[in-house]
Amino acid sequence: MATQFPIDPEFNRFVGGNPNQDAEAGGEEEAQVVDMPDLMNSELEELPDGSVVVTMDTKGPKEDEDFYQNLSDSDLIMDMDLDALALRYIELVEKDKDARKQRDKQYEEGIKRTGMGNDAPGGANFNGASKVVHPVMAETCIDFAARAIKEMFPPDGPTKTKILGDVTEDKTQIAERKRDFMNWQLTEQIEEFRDEQEQMLTQLPLGGSQYMKLWYDEKKKRPCAQFLPIDNVLLPYAAGNFYTAERFTEVDDISDWDYKRRVNSGMYRETTMTRATMDPEMTGAQKATNKVEGKSQNDNEDAVRRVYHIYTWLELEDDPETKGEMAPYILMIDDLSSEVIGLYRNWEEGDETMTKLDWVIEFKFIPWRGAYAVGLPQLIGGLSAALTGSLRALLDSAHINNAATLLKLKGGKISGQSQEIEVTQVVEIEGAPGVDDVRKIAMPMPFNGPSPVLFQLLGWLTTAAKGVVTTAEEKIADVNSNTPVGTTQALIEQGAAVFSSIHARLHESQGRVLKVLSRINRWYLDDMQRGEVVEDLEIKREDFARVTDVIPVSDPHIFSETQRMAQTQAVMAIMKDNPDLFNKKVVIQRFLKQIKVPGINEIMIDVPAPVKMDAANENVAMAIGQAAYAYPEQDHLGHIQAHLDFAKSPIFGGNPIIAPAYLPKSVEHIKQHIVLWYLNRMTGYVQKAMGQKLEDYDLQKDPKAVDKLFALASQHVELDADQTLKGIMPVIEQLMQGLQKFKPQPQMTPDTKVLLDTSMAETQRRAKRDEAEMGLKDKALAAKIQMDMAKLQQDQQEAMEELEMRLAIATSDQEMKERIETARLTRDAAKLNFEQTKAVPTQGENYGNQ
């Protein structure tokens, strides 16, 4: 059993006590102290609020039948004491009924004002007066129940997992088994659960508080659920809270057949049974409900009798488990015979704090000051009456204004004046002597028609009534596709603020229901009948020792499909801008599920789970586009070498049809091997220096020493890497270069593509224009160079001729010959220079330099 205790840190003890001490006992009860060593074998779990959940090894009814036996059918309690208990508590029950007569009347009025029983009060009483009822009460109940059941009980089941503290594989598996089993229980095994919960939700707005009861049925071999309307649950006048009340009474009207079945199962003790001949007195709410359902009382052919189940605190001197100490019990009294037919201890065996067990769960609409929450009759009962009255007044005025109501002139008695006139029929009547105008004999009554002011008032009252407990989302009517998601979310929350708070209370109550069901499973799982769906599920009673790992699937922060869709769209938008921060498949799956797409797993690619493989199979997997994963215990250097050899091969990894899929996967995989090789080497050096495994060493003892060991190990690993991995780095660089070749180019948006195409066209146009202009310039420049070179050649020729003539005159023949030879060589050199000049590029700048 999981029980919360406050912790006394000073004395390192658990301190507990009875939170519901009977006021008649007087004085304060001493706190029970349980020493820490007594709970060393218990499972402790610290909650976020600082409290601790203690999972104690307690026994269920199958392990200790004596503890959970019917004490009224044993020798422990004397019959005289039982009779005294019966008389005392029947008197208390009558007082509790009297204390809430007005409350029952409000509930009855609320049911009547829905109009479904044709007995809503108000309106005129003349023959033909309108009995129509404004639907604001019924509409709000139906709208609320439809929204609430969708959130609390989706088709897949109402439970999910949530693990507090460290998330381990064992905790996860247990929580998932419990989730699957309890979803099957609530959707299939407890076949009446959803129906009972829907009845409770439709009545919740009318009653303010409604209740659900769970128990284990020995005959059916399964848990059972029942909706308890508020008029069948009685609380004392002084009660301020349902769960801390000193007692509460469940009024159970059962047939003679059901009563005998409970006696045979041992739930009730066998007494001198008197057959019921009259129906138990019904509450006003029951009578109003019978009119809605079209039922009427019979002669009690089923012999319906009333049994009170009173959950209270008693001081029983004869109980060896308490020895007169105040403790919680369940007292069952037959109203017809005024006898105790059941008395049970209502705490778990082994629980020294004797914490009361909950079997009945309260669901609240709008909490108020007292133990009972308020509903629509208290919130808009007056507005509903005004709406119905206004609507009836409008219809009655229209009816009267169109009815044939006349005033007849008193005169001579003329027989045959009673006429029945049909539409389109002409009827003659006789008038008194001297009367020649029928309008002088009869005059229609001057009734006013429907008032437009009253009609406008009806609209205002309707808006006011719906505005009190609105569950609609009218505020998002003006939202368009350009509205930011955050604004849409805020409008949704503002438009349904009241419903969101009610939904949070429903979520908390549903969590209590799951805890009660977990306790029933822990007690009776081995005796339950299982369906084919879960017969192979390895669920055990011990799995239900924890009650915090399975919670309602409803989310108190999300209360409508519109809000959930807005959140999903927000995630999609953020993922588009930051794709590396999201798991795209999970986001898309959530979106498809939100828009109710069937068979999501069939239309999406299945990603296989990680599998440990050898290097060859890893190469094959990566070649076909699947991911491969490295593991710490593998031969990382061998795997790296095998992958690099495969990548270098022009037939395998270098093949153009394999490389696009293989290279990206292999780069990621080789990176995993490198870092795991580093981790293994670092851990190995440190553990060798410490002489023990790293996980066995308390790092808090000397963290600085451990840091020094890692620093020294880092130096050794650097040397190892330089000797071992240095040779493969060039191959890895080639692999990265190949990866860039096959790296997919980012997709361009249509606007970007149009802009790029326009830019390229403009560049090509300018290139052609520059080429044409350059061609014209080159032709003019070439002509100018040719003219300059011709002129230079002519000037050189004239200079040579003049030089030869002067030499011939100034020197002798020999000298003349030598000089002529020199001139010839000079001319040849000039000619050669001219030929070289012709080979110079025809560019303006080069020509200027020449």
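Before reading on, note that the structure itself is shown above.
My aim in this report is to walk through the structure given alongside it, one point at a time.

Each value, and the rule that gives it
Residues numbered from 1 in each chain as written. Predicted model: local features only at pLDDT ≥ 70, side-chain atom pairs only at ≥ 80, totals over all residues. Heavy atoms only, no water. Pairing = 2+ DSSP bridges. Helix = DSSP H or I, 4+ residues; strand = E, 2+ residues; numbered from the N terminus. Core = buried A, V, L, I, M, F, W, Y, C linked by side-chain atoms within 4.5 Å. Buried < 20%, exposed > 50% of the residue type's maximum accessible area, 1.4 Å probe, protein only. Axes fitted to C-alpha atoms, helices over the stretch in contact; angles between N-to-C directions. Expected span 1.5 Å × (residues − 1).

## Side note on the sheet that holds strand 14 (residues 339–345)
Logical step 1: A sheet is described by the order of its strands in space; here five strands give the open sequence 10-11-12-13-14, paired in antiparallel fashion. On the outer flanks of this sheet lie strand 10 (233–234) and strand 14, each paired with one strand and no other.
Logical step 2: Here eight bridges tie strand 11 (residues 247–254) to strand 12 (residues 305–314), and the two strands are oriented antiparallel to one another. In the sheet register, T249 faces strand 12, and the bridge partner there is I310.

## As for the nonpolar core
Logical step 1: Counting residues in hydrophobic clusters, the biggest one holds 106 residues, and the most contacted among them are F144, L201, Y211, L235, L343, F363 and L506.
Logical step 2: The greatest single-element share of this core, amounting to ten residues, is contributed by helix 11 (residues 497–524).
Logical step 3: Listed in part, the 24 residues of the second largest apolar core include L644, A713, I728 and L739.

## Some points on the sheet that holds strand 8 (residues 209–217)
Logical step 1: Across the sheet, which stays open at both edges, the three strands sit in the order 9-8-15 with antiparallel pairing between neighbours. The open sheet has two free edges, formed respectively by strand 9 (222–228) and strand 15 (360–364), since each of these has just one partner strand. Shown here is a sheet whose adjacent strand axes are inclined to one another by a mean of 25 degrees, direction ignored.
Logical step 2: Where strand 8 meets strand 15, five bridges bridge the pair, whose relative direction is antiparallel. Pairing of Y211 across the sheet is with E362, part of strand 15.

## Notes on helix 1 (residues 79–99)
Logical step 1: For helix 1, with 21 residues, the first-to-last C-alpha span of 30 Å sits near the 30 Å given by 1.5 Å per residue.
Logical step 2: The complete set of buried residues in helix 1 reads L82, L85, A86, Y89, I90, L92, V93 and D96.

## Section: the pairing of strand 8
Logical step 1: The element strand 8 is extensively covered by neighbouring structure, given that eight of its nine residues are classed as buried.
Logical step 2: Summarising the sheet, strand 8 and strand 9 pair through seven bridges and their orientation is antiparallel. Bridge pairing links M212 to F227 in strand 9.
Logical step 3: The turn linking strand 8 back onto strand 9 is made up of four residues, and K221 within it adopts a positive phi angle of 60 degrees.

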